[in-house]
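Listed here are the chains, written in short residue letters.
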Amino acid sequence: MKIFNALSTHNHEEVIFCQDRDSGLRAIIAIHDTTLGPALGGTRMWPYKSDDEALEDVLRLSRGMTYKSAAAGLNFGGGKAVIIADSHQDKNEMLFRAFGRFVDGFNGRFITGEDVGVEVRDMEWVRMETPWVLGISEALGGSGDPSPVTARGVFFGMKACSEAVFNTTSFAGRKVAIQGAGHVGYYLAEFLHQEGAQLFVTDIRPERVQRCVKAFGAEGVAPERIYDLHVDIFAPCALGAMVNDDTLPRLKCKIIAGGANNQLADEHKHGRILLEKKILFAPDYVINAGGLINVANEIEGYHRDKALKEAEGIYGILKQILEISRRENIPTNEASNRLAEHRIEQVAKLKRMHVLSRPRQIRGERYAW
């Protein structure tokens, strides 16, 4: 019953638990909402401490994908998958092929790609068992690594925030703390460095920090110290819930804008606190939608320039959300939720009208309403 209570909290449609004894696969796939279209969301590989922790993460992430697609104007629903394993030592072909067979069982209702701990090669193994995979290599007709497009969207979302707070879109001389120097964090650092930002970078893997230090003249920072820096912008680009009861009192920034998912540990509570503290928060599922935009482009035939240009459109979406927040004096995450929910409700209404206005067939005979 606890599982059904968890599903009903945010009205998830379906969750399946996947197990394959031979390969060692243990995974969860969650579909939140398919009003706008098939559920689209990446697969994350992470050594969760418990099954409950994995379930909580996949439910939050899948809901975020629904809102991300809606806010970005895409015709996809929200879904997500998590594989409970260590990406540094548990990867193998058989595990991902077993996972691919579970994805294939949805018959297109769930489409997946890379997320934390999963790479293009892994998705190619999944694709051996199902066509419902995006984010594959360019050699196979896909888009390859979506990180540059995700980072481009974050960069332009930062510009919208900077304009609202500092009255300029330039990052020259701005102090930016980047938490997480993986693929997205690294490309974001590159974009910011090109505009003259002063960078502070941390990561649990020291070699990633050193890469940014060497390439961009960034200052490496210990993971726990990143919250205490006096900076203009704090950019969470690692895992979620990094804005919480412990870290919020320590933050000394004007803007929070980064590529991580589910940055607020408690959406309502921490969104309100940020509004009171006058820290502008860029809703994560809006500013990091570039990756989703990137893989969605594969369906129509992929062109990187087109994907990058569409990701830059996140600037305009965030401007709209910031205006709603300012006008109604509500947290930005609540403003973005309203924008996304309004679109979903409108599409659902249109679908209901279409069903009610079309003839239906009962036992081979046609009846009109």
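This structure is a prediction, so every number in the text was calculated from the model and none was measured. (Residues numbered from 1 in each chain as written. Predicted model: local features only at pLDDT ≥ 70, side-chain atom pairs only at ≥ 80, totals over all residues. Heavy atoms only, no water.)

Would you mind showing me how to read the packing of helix α6 (residues 183-194) against helix α7 (residues 206-216) here?
Packed helix pairs are specified by the crossing angle of their axes together with the interaxial distance, meaning the distance between the axes. Closest axis-to-axis distance for the α6/α7 pair is 11 Å, and the angle between their directions is 20°. In terms of axis orientation, α6 runs roughly parallel to α7. α7 is crossed by α6, and the crossing has right-handed handedness. Across the interface between the two elements, Y186, A189, E190 and H193 from α6 touch R211, C212, A215 and F216 from α7. (Axes fitted to C-alpha atoms, helices over the stretch in contact; angles between N-to-C directions. Helix = DSSP H or I, 4+ residues; strand = E, 2+ residues; numbered from the N terminus. Parallel < 35°, antiparallel > 145°, perpendicular 65-115°, else oblique. Left-handed = near helix turned anticlockwise from the far one by under 90°. Contact = heavy atoms within 4.5 Å.)

I'm lost on the sheet that holds strand β10 (residues 233-236) in this one. Help?
Where strands meet in a sheet, backbone hydrogen bonds hold them as pairs that are either parallel or antiparallel. Taken in spatial order, the six strands of this open sheet run β9-β8-β7-β10-β11-β12, and their pairing is parallel. Both outer strands of the open sheet, β9 (219-220) and β12 (280-281), are each paired with one neighbouring strand and no more. In this structure, strand β8 (residues 198-202) lies alongside β9, joined through two bridges in parallel fashion. From the neighbouring strand, F200 faces β9, where its bridge partner is E219. (Pairing = 2+ DSSP bridges.)

Even after reading the chapter, I still don't get the nonpolar core, so can you show me in this structure?
Side chains of a nonpolar character, in soluble globular proteins, are inclined to be buried together. Counting residues in hydrophobic clusters, the biggest one holds 58 residues, and the most contacted among them are M158, V176, I178, L188, L192 and L199. Of all hydrophobic cores here, the second largest spans 23 residues; its members include L25, L95, F96 and V133. (Core = buried A, V, L, I, M, F, W, Y, C linked by side-chain atoms within 4.5 Å. Buried < 20%, exposed > 50% of the residue type's maximum accessible area, 1.4 Å probe, protein only.)

Please clarify how the environment of G42 should be interpreted in this entry.
Take G42: it is sitting in the loop between β3 (39-40) and β4 (43-46). What makes G42 buried here is its relative accessible area of 8%. Sequence spacing of G42 and V82 is 40 residues, and the spatial spacing of their C-alpha atoms is 8.5 Å. For G42, the residues in contact, after removing those within four places along its chain, are K80, A81, T112, G113, E114 and D115.

What should I look at first to understand the state of the cysteines in this one?
Simply put, the disulfide is a covalent bond whose two ends are the sulfur atoms of two cysteines. All chains considered together, the criterion is met by zero disulfides. In this structure C161 is not part of a disulfide, and its nearest cysteine sulfur, from C253, lies 11 Å away. The exposure class of C161 is buried, given its relative accessible area of 0%. In this structure C237 is a free cysteine whose sulfur lies 10 Å from that of C212, the closest cysteine sulfur available. (Disulfide = S-S within 2.5 Å.)

Interpretation in functional terms is not warranted from these geometric data alone.
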